[in-house]
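For reference, the chains in residue letters:
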Amino acid sequence: MTDPEVLKTHANLFDRMGKAMGLDLEQEAIDGTLRFEEIAEAVLRCTRCACPKVCDRTLASLEGEIDRTPDYCRNADLLAYLKEERIAAE
C-alpha cells in the first residue's frame, strides 16, 4: 500500500501538471470527462515516476500554459487527450 503522504504529493503534482496544461481537472471530473477511477490511476502512475522533485521544480518555474507535459510525465497521454477534448469543445 502506498503511503498517504506520497499519494497526496503525487495528487498535487498531477493537479498542477493539469493546470500547467490549461486544464481544470476538478471540472473535468464534474463534467464527466475524467472519471474518478482515471484520477486514481493517474495518481498511482505518478507515484511510479522517478522524477517527482524535478517535476515539482519544473512546475514551480513555469510561467503560463504549456502545450505538452515533460517527456518523463507518466500521465502525458491522459493530459494530452483531455487538452485535445477541451480544445475540440471550444
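Note: the structure precedes this text.
All of the points below concern the structure found in this document. (Residues numbered from 1 in each chain as written. Predicted model: local features only at pLDDT ≥ 70, side-chain atom pairs only at ≥ 80, totals over all residues. Heavy atoms only, no water.)

The next thing to look at is the environment of Glu-84. One can find Glu-84 in helix α5 (residues 76-89). Each C-alpha atom, one on Glu-84 and one on Gly-22, is 11 Å from the other, the two residues being 62 residues apart in sequence. (Helix = DSSP H or I, 4+ residues; strand = E, 2+ residues; numbered from the N terminus.)

Another point: the packing of helix α1 (residues 4-20) against helix α3 (residues 36-47). Where α1 meets α3, the axes come as close as 9 Å, and the angle between the chain directions of the two elements is 105°. Classified by the angle between their axes, α1 and α3 sit roughly perpendicular to one another. Contacts between α1 and α3 involve Val-6, Leu-7, His-10, Ala-11, Leu-13 and Phe-14 from the first element and Ala-42, Val-43, Leu-44, Cys-46 and Thr-47 from the second. By residue class, the composition of the contact of α1 with α3 is nine nonpolar, two polar and no charged. (Axes fitted to C-alpha atoms, helices over the stretch in contact; angles between N-to-C directions. Parallel < 35°, antiparallel > 145°, perpendicular 65-115°, else oblique. Contact = heavy atoms within 4.5 Å. Nonpolar A, V, L, I, M, F, W, Y, C, P; charged D, E, K, R; others polar.)

Applying the stated criterion across every chain yields a total of zero disulfides. For Cys-46, which is in no disulfide, the shortest distance to another cysteine sulfur is to Cys-49 and amounts to 6.1 Å. For the unlinked cysteine Cys-55, the closest cysteine sulfur is that of Cys-46, found at 6.1 Å. (Disulfide = S-S within 2.5 Å.)

The end-to-end C-alpha distance of α5 is 20 Å, a good match for the 20 Å that 14 residues give at a rise of 1.5 Å each. As for α5, its buried residues are in contact with α1, α2 (25-31) and α3. (Expected span 1.5 Å × (residues − 1).)

Turning our eyes to something else, we now look at the nonpolar core. Counting 18 residues, the largest nonpolar core has Phe-14, Met-17, Leu-25 and Leu-79 as its most contacted members. At the level of secondary structure, the elements contributing two or more residues to this core comprise α1, α3, α4 (52-61) and α5. Here this core gets four residues from one element, more than from any other, and that element is α1. Leave out the neighbours within four places in its chain, and Phe-14 touches Leu-25, Ala-42, Val-43, Asn-75, Leu-78 and Leu-79. (Core = buried A, V, L, I, M, F, W, Y, C linked by side-chain atoms within 4.5 Å. Buried < 20%, exposed > 50% of the residue type's maximum accessible area, 1.4 Å probe, protein only.)

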